Structures are given as structure tokens and as C-alpha cells.
Amino acid sequence: MKTGTIVLLVILVILIGILVALYFMGRNLQKKQEAQNAQLQANKQPVVIMAVDKKRLKLKESGLPQEVIDSTPWYAKRSKVPIVKAKVGARFMNLIADEKVFDLIPINQQVKAMVSGIYIVEVKGMRGKKLTPDTTVKKSWWRKQMDKLQEKAGAKPVK
């Protein structure tokens, strides 16, 4: 065989090996995530909170307990997380919100929230009021461009 074919076959075998490894790693991570979601759903409790402030902050700047920061994996310590500073009862607490719920949380209004530890899983309005996403948060340039592209592609309805 020619050396060019041998090199291509070796590269092909290496790529197939990498794809198989990624497949099994992804399946493993998906099982872990499902187990964590089941545990969050099992431990959630209803709480009335009033959000004082909400921001996306790095984990070290968030004001969360040191045990939480220490227990996070090394690759997630630099990422920004949705933090909600809320009044729960008579105490002020820093809570982590789910990405889907973060935009729904109104500032300076009381809401019924399902909380699992320091993690906000669900949010409902008081007296059965339906919550709408908070539009006071300014969209980043990247988010605006993605919204425009999705509208052009037909993924989002045109305003």
C-alpha cells in the first residue's frame, strides 16, 4: 500500500475511536444529569420569595457559601451562573436559578418558588398570576444577532 493510504486509514481509525469514546462519555453524562434532576425534583419545597436583585455572576463573585464553590468542578468555576438575591422569610439569601426560570423571576415582587436547597427549580406568580419573561434585562449583541438569524430561518415568530 501507498504511504498516503496508510496515513489516511490511521487517521480514520483514530477519528472513529474518538467518536466512540465521545458517544459513551455523553451517554454517561446524560445518565448523571437525569439522576441529578430526579433528586432535585424529589427535594423541592415551596417557598415565597421576593427577588431583590438578579445577575449572572462568576461563581467566586456570587456570594455563595464556600462549600458550594469548593464542590463545583474545576471547569465550571469560571462560568457565569444566574444568581438571585432574594428575601426568604426574614433572611436575605443568594440562590442559584435554573436557566429556564431566571428570566421569569420579577424583581421586587413576591413569587411562589419551588426551591431545592439553594437552587430555584420553578417559579409561579402569587394568586395564580402567569409570569412573563423580564424584558428589562438588556440583550447582548450576540443574543440579538442569534434572534435575528432565528427569525430569518423561521424558528421564531416575527414580531
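Right, let's walk through the structure included here. (Residues numbered from 1 in each chain as written. Predicted model: local features only at pLDDT ≥ 70, side-chain atom pairs only at ≥ 80, totals over all residues. Heavy atoms only, no water.)

1. So, the sheet that holds strand E1 (residues 45-58)
Spatially, five strands are ordered E1-E2-E3-E5-E4 in a closed barrel, and the strand pairing comes out mixed. If you compare each strand with its neighbour and ignore which way they point, the axes differ by 55° on average. Inspection of the sheet shows E1 paired to strand E2 (residues 80-88) by nine bridges, in the antiparallel sense. In the sheet register, Met50 faces E2, and the bridge partner there is Lys87. (Pairing = 2+ DSSP bridges. Helix = DSSP H or I, 4+ residues; strand = E, 2+ residues; numbered from the N terminus. Axes fitted to C-alpha atoms, helices over the stretch in contact; angles between N-to-C directions.)

2. Re the pairing of E2
Here six bridges tie E2 to strand E3 (residues 91-97), and the two strands are oriented antiparallel to one another. Looking at E3, one finds that Val88 is bridged to Arg91. In textbook terms, the turn of a hairpin is the stretch between consecutive antiparallel strands, and for E2 and E3 this stretch comprises two residues, one of which, Gly89, has a positive phi near 70°.

3. Considering unusual backbone geometry
Residues other than glycine seldom take positive phi values, yet Asn108 does so here, at roughly 60°. Within the fold, Asn108 resides in the loop between helix H3 (99-102) and strand E4 (110-116). According to the relative accessible area criterion, Asn108 is exposed, its value standing at 53%. (Buried < 20%, exposed > 50% of the residue type's maximum accessible area, 1.4 Å probe, protein only.)

4. Looking at the nonpolar core
As a rule of thumb, nonpolar side chains are buried together in soluble globular proteins. Counting residues in hydrophobic clusters, the biggest one holds 15 residues, and the most contacted among them are Ile49, Val84, Ala97, Ile105, Ile120 and Val123. Elements with a contribution of two residues or more to this core: E1, E2, E3, H3, E4 and strand E5 (119-125). The greatest single-element share of this core, amounting to three residues, is contributed by E4. When near neighbours in sequence (up to four residues on either side) are disregarded, Val123 contacts Val101, Ile105, Val111, Lys112, Ala113 and Leu131. (Core = buried A, V, L, I, M, F, W, Y, C linked by side-chain atoms within 4.5 Å. Contact = heavy atoms within 4.5 Å.)

5. Considering the side chain of Asp98
Examined against the element boundaries, Asp98 turns out to sit in the loop between E3 and H3. In this structure Asp98 comes out as buried when scored by relative accessible area, which is 17%. Among the polar contacts made by the side chain of Asp98, one reaches the side chain of Tyr119 at a distance of 3.2 Å. Asp98 has contacts with Tyr119, Ile120 and Val121, leaving out every residue within four places of it along the chain. (Polar contact = N/O pair within 3.5 Å; in protein donor to acceptor, adjacent residues only side chain to side chain.)

6. Things to note about the environment of Val123
Among the secondary structure elements, Val123 is positioned in strand E5. For Val123, a relative accessible area of 14% translates into the label buried. On a C-alpha basis, the gap between Val123 and Gln30 in space is 25 Å, while along the polypeptide they are 93 residues apart.

7. Describing a positive patch on the surface
A cluster of basic residues, Lys58, Lys60, Arg78 and Lys80, forms a positive patch on the protein surface. The exposure class assigned to Arg78 is exposed, which follows from its relative accessible area of 73%. (Patch = residues over 30% accessible without salt bridge, like charges linked within 9 Å, V, L, I, M, F, W, Y side chains within 5 Å. Areas by Shrake-Rupley, 256 points an atom, 1.4 Å probe, with all protein chains shown as cover. Salt bridge = Lys/Arg side-chain N within 4 Å of Asp/Glu carboxyl O. Lys, Arg positive; Asp, Glu negative; His and termini not counted. Charge placed at Lys NZ, Arg CZ, Asp CG, Glu CD.)

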